[in-house]
Amino acid sequence: MANNNDLTDEYVLSKQLLSDGEPTRCATIHSGSDKILELLSGSQGGIISKFILPDSNDSQKQSADASNGGGGLEIQPGGANTRHPHQITAILSSSSLNTNSVSSIYVTGCKDGKIRVMDGNTHELKEVLEGHSNAVTSLTWILPQNESAKPWLVSGSWDGTAKIWDIFQNNNSSICIGTLAGHENTVSVAGLPAESDSIRKVVTVSAGIAEGNSIRGHTVRIWTLSDNGANNDITSKIVAQVSNDHSGPMRDVCYDADTHSIYTCSNDGTVKIRSAEDGKCIETLVYPGYEQPMLLSVCVVGSGATKAVVVGAEDGNVAIFNIGQQKQGEAQVIGHPGCVWNVIPLGTTGDFVSSCHDGNIRIFTRHASLAASPEVLKAFKDAVTEAKAVRSTGPSAEEIAKLPKWEMNALTQGRSEGQVQVFQKDGKAIAAQWSASSRTWIEVGEVTGTNENAGTLNGKQYDHILPIEVDVPGGGVQKLQIGYNNGENPFVTAQEFIDEHMLDQNYLPQIADYIRQRAGQSGPTIGMGAGGSTAATNSSSGGMGAPSYASEPAVPMDITPTYDHLPMKGYKTFETGIDKKGLSKVIQKIREFNDSVSSNQLSTGEAGETLDSLANTLSVTNRYHSSTISMAELAPLHTMIRQWDATHAFPAIDLARIAVLHPDAAKSERRAYWEEILGGALDMCLGLGDAAAKEVAVPMLTMRLIANSYKGGPGSAGAAGILIDKILDCAEACATSGNKNVRLSVATAILNTSSYMHASSTPFPSSVAMRVVDVVGTIAGCGKYETEPMVRSLVALGTVLLLPGGSGSEVKKLAKERSIGSMVERVAAGHGEMASAVSTEIMSVLSS
């Protein structure tokens, strides 16, 4: 076992572990089955990887000689069902709680806005927590003073909220017990020591909002969370807050018990050490060097004299600040081949783990006995050197060949005085400046590789060519570049980029801040050749440094090129009648029919007290988060829907439509029950045969039950997912109905089905998606649909065109072959502005 007698002054590489090859976004230390120490990582490709770490008591040297460090790599240890539909942006193990009072689990945060609870021993998916409306990027535990009490999970999201979850309930069904709202965009979280058994504490930090040409409002908030006992909810209160003491968005926060301090890192290149009582800054740590990169992650390692703050940076470095009692000095910087997304402590060893964009997890240590072999250290150093060298080289011969020829410059007219354009001349890239007075290009000099960010984009020279990766709807990543010249307004440049690529307007401040951080204040560097002109030094367009044709991974801005209406996110529901008056009418009709059915009648207790109890619970919607519904209360619905005929059963379908929206009724353990309920209603509807398009009650209520089932909970949604083929059969049969309420119900069921398919972690085959296209075709062709149901149908069509992975691509291909675009344009023309807007987006998807 390593000890402090072999400590070196600086950290060195100990292990290098290659995961699934996708950029690695996060990691956690986990004690798996048989207490085997595991390192779990989450990737940009949505993959969990598991590495077996050496026993902490193993005296053998932890060699990093193999590409996986000898670490027993296992991709997706819980099976294919654990693959996330988007990048995994946070991961947290219950092992960090150091308590035996809870089961072994770990949780992940994903860009799809969901939290997934995984079994800590089998790694299988246990539960999916929904509630956030955007990516979940930060996770932490908070504990009460009473060690026997259960911890709470806190999640931070792009949606501007933090949510509190009780995930260790006795019934194994997690619930959200509180929401901390009012943050300025992205939220990061860290647990703090509790004040008492009933009052816990957490710190949240926000990224800020755009005010003019700057980002403001980034705020540290310290909250108390009071447990209200059996009500399954909490009271939250802000007890301290500090705003705008960083000069850029805060990207991460952590807490250190030894120093009782909060640590925040920011895009401004600094770490602030704060009081855990009031959040005020005690000390500021500045990233070394002239330019400060965006700091994406922060953690504290070691203890006493060896305590250090570690940060991961966007520029591909890790910086270590020694804040212990000895050898204080400038931070140590360790280069990486790509952006460092995440850093975490390796237990209490004083070592740390970095997650890098090149797909590697790396462990760094101060223990000489744990250092990697000289061969591995050299290979790591060479990889870092190569990555940096690529960024500073000039354009290749192939890239030069794509430039316009100097001999043809007279055919290229400049747009303004001083504009810079790059041409090829005698096999070299040369820069020229436009003279408006003489209407000619003046050669300035050869483009060299000194300024690593400069280059050409679309034939125009920029001081900075910055890479941005864009997640493409339907899966995949599109690599884009944004050009920026010194002295330009970054917000104007960002807006032009958003307009050009049809991105979400909400990303304006993030892109502008990214430009400012990457561009810095450095001036141009020009290699002056023969025929050069001093006019270049007065140019407001900047200098002619080397194009950044780098292979270094771009920093993904977590930007999805969103449409205003596609894909459908969330679900539309039918909630009319969820009150005592409405439920009383349904119950009365059920009792009336119960007296008239010839067999399978409800018992007196079921028709009386049981239905009254169910109706009372369903009518109090503001207690849905804490009220429960027993299987005894749901049993009468099963009897009526599965055993009564259609003329008597439709009120039961209506009651099921309401019941399925209750979270406890629709929880995951009840999936089999809802398969019976949904399947029975669908069989009843399909049993109408050709009359399905003429009847009203059963088709309308069945489709509304289906629509609500996706929203209700994991049990009902999972049941609907299994029955999608039958749902589409029923929708097709009812699509040409002459009743407008049935038509709205069909369109909504199709819309929610498409949303479920798009959000599902298990890809649906293109054949199923094409059935959605077929139903929409029937809807469009019958000529009966009003504007609202037609718009919903078109959004459903657009959503399946954007299915992740190969399914979406295949659907898009088949849709083009069927000339779906023509149908969409024709139908939209008669249904107003919203239909036209959706149609335009569908055409854009089909043309991509």
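Residues numbered from 1 in each chain as written. Predicted model: local features only at pLDDT ≥ 70, side-chain atom pairs only at ≥ 80, totals over all residues. Heavy atoms only, no water.

1. A few points about the overall build of the protein chain
- Each helix and strand in the protein chain was counted, giving 18 helices and 37 strands.
- Counting only residues that meet the buried cut, the protein chain has 56% of its 848 residues in that class.
- Counted over contacts in the protein chain with a minimum sequence separation of 6, partners at least 24 positions apart contribute 61%.
- Only carbon and sulfur atoms are counted for the fraction: they give 48% of the accessible area of the protein chain, which is about 33,400 Å². (Helix = DSSP H or I, 4+ residues; strand = E, 2+ residues; numbered from the N terminus. Buried < 20%, exposed > 50% of the residue type's maximum accessible area, 1.4 Å probe, protein only. Contact = heavy atoms within 4.5 Å. Areas by Shrake-Rupley, 256 points an atom, 1.4 Å probe, with all protein chains shown as cover.)

2. Regarding the environment of A656
- The residue A656 is located in helix α8 (residues 646–659) in this model.
- Residue class for A656 comes out buried when judged on its relative accessible area of 0%.
- A sequence separation of 49 residues divides A656 from L705, and the C-alpha atoms of the two residues are 6.8 Å apart.
- Excluding residues within four positions of it along the chain, A656 makes contact with L637, I641, W674, I677 and L705.

3. Thoughts on the pairing of strand β12 (residues 162–166)
- Most of β12 sits inside the fold, with five of its five residues counted as buried.
- Burial along β12 is two-sided: A162, I164 and D166 and K163 and W165, pointing in opposite directions, are all buried.
- For strand β11 (residues 152–157) and β12, the ladder comprises four bridges, and the chain directions are antiparallel. By the bridge assignment for β12, V154 is matched with I164.
- Hairpin connection from β11 to β12: four residues lie between these consecutive antiparallel strands, with G160 at a positive phi of about 85°. (Pairing = 2+ DSSP bridges.)

4. Considering the packing of helix α9 (residues 671–686) against helix α10 (residues 697–712)
- α10 packs onto α9 with a crossing angle of 150° between their chain directions and a minimal axis gap of 9 Å. If you check the angle between α9 and α10, you find them roughly antiparallel. The crossing of α9 and α10 is left-handed. Contacts between α9 and α10 involve W674, I677, L678, A681, L682, M684 and C685 on the former and, on the latter, V698, P699, T702, M703, L705, I706 and S709.
- Across the contact of α9 with α10, the residue classes tally to 12 nonpolar, two polar and no charged. (Axes fitted to C-alpha atoms, helices over the stretch in contact; angles between N-to-C directions. Parallel < 35°, antiparallel > 145°, perpendicular 65-115°, else oblique. Left-handed = near helix turned anticlockwise from the far one by under 90°. Nonpolar A, V, L, I, M, F, W, Y, C, P; charged D, E, K, R; others polar.)

5. What to know about helix α15 (residues 787–801)
- The terminal C-alpha atoms of α15, which comprises 15 residues, lie 21 Å apart, in line with the 21 Å expected from a rise of 1.5 Å per residue.
- Of all 15 residues making up α15, 13 are buried, and the element is well covered by its neighbours. (Expected span 1.5 Å × (residues − 1).)

6. Structural notes on the pattern of salt bridges
- Under the definition given, this model contains 22 salt bridges.
- Salt-bridge contacts for R670 lead to D664; the nearest nitrogen and oxygen are separated by 3.7 Å.
- D725 is paired through a salt bridge with R771; the nearest N and O atoms lie 3.6 Å apart. Residue D725 is located in helix α12 (residues 724–734), and its partner R771 is located in helix α14 (residues 766–782); the two are separated by 46 residues in the primary sequence.
- For D725, a relative accessible area of 42% corresponds to the partly exposed category. (Salt bridge = Lys/Arg side-chain N within 4 Å of Asp/Glu carboxyl O.)

7. Digging into a negative patch on the surface
- A contiguous patch of negative charge on the surface is contributed by E488, E496, D499 and E500.
- Here E500 lies in helix α3 (residues 490–501).
- When its relative accessible area of 53% is taken as the criterion, E500 is described as exposed. (Patch = residues over 30% accessible without salt bridge, like charges linked within 9 Å, V, L, I, M, F, W, Y side chains within 5 Å. Lys, Arg positive; Asp, Glu negative; His and termini not counted. Charge placed at Lys NZ, Arg CZ, Asp CG, Glu CD.)

8. Here's the deal with the sheet that holds strand β2 (residues 24–31)
- Strands sit in the order β2-β3-β4-β5 across an open sheet of four strands; the sheet is antiparallel. One side of each edge strand has no neighbouring strand; the edge strands of this open sheet are β2 and β5 (74–75).
- Two strands pair when backbone bridges link them, and strand β3 (residues 37–43) and strand β4 (residues 48–52) are joined in this way by five bridges, in the antiparallel orientation. Each bridged residue has a counterpart across the sheet, and for L40 the counterpart in β4 is K50.

9. Description of the packing of aromatic side chains
- Under the criterion given, the structure shown has nine aromatic pairs.
- Aromatic pair Y756 and F764: ring centres 6.1 Å apart, planes at 65°, arrangement edge-to-face. The same class applies to Y756 as to F764, namely buried.
- Every member of this aromatic cluster is reached through a ring pair, and the members are Y11, F352, F364 and F380.
- Geometry around W152 places R200 over its ring, the cationic atom sitting 3.7 Å from the centre. (Phe/Tyr/Trp six-rings, centres within 6.5 Å; stacked < 30°, edge-to-face > 60°. Lys NZ or Arg CZ within 6 Å of the ring centre and 35° of its normal.)

10. With respect to the environment of S94
- Structurally, S94 is set in the loop between β6 (88–93) and β7 (105–110).
- Engagement of the side chain of S94 in a polar contact is seen with the backbone oxygen of S103, the distance being 3.5 Å. (Polar contact = N/O pair within 3.5 Å; in protein donor to acceptor, adjacent residues only side chain to side chain.)

11. Structural notes on the state of the cysteines
- Enumeration according to the criterion identifies zero disulfides in this entry.
- Free cysteine: C26, not disulfide-bonded; nearest cysteine sulfur from C110 at 9.8 Å. (Disulfide = S-S within 2.5 Å.)

12. Focus: α10
- When the terminal C-alpha atoms of α10 are compared, their 22 Å separation across 16 residues agrees well with the 22 Å that a helix rising 1.5 Å per residue should span.
- Within α10, 14 of the 16 residues are buried, which leaves the element mostly enclosed by the surrounding structure.

13. Notes on the confidence of the model for the protein chain
- Summary statistics for the protein chain give a mean pLDDT of 83 and a share of 84% for residues scoring 70 or more.
- Overall, residues 56–70 carries pLDDT values under 50, and its contacts beyond four positions in sequence, including any with other chains, amount to 34 contacts.
- Throughout residues 521–560 the model reports pLDDT below 50, and contacts reaching past four residues in sequence, or to other chains, amount to 138 contacts. (pLDDT = per-residue confidence, 0-100.)

14. Comments concerning unusual backbone geometry
- Omega for the peptide link from L566 to P567 comes to -15°, which places this bond in the cis form.
- With respect to the secondary-structure elements, P567 resides in the loop between α4 (508–519) and α5 (580–594).
- Look at N185: it is not a glycine, yet its phi comes out positive at around 65°.
- Along the chain, the position of N185 falls in the loop between β13 (175–180) and β14 (187–192).

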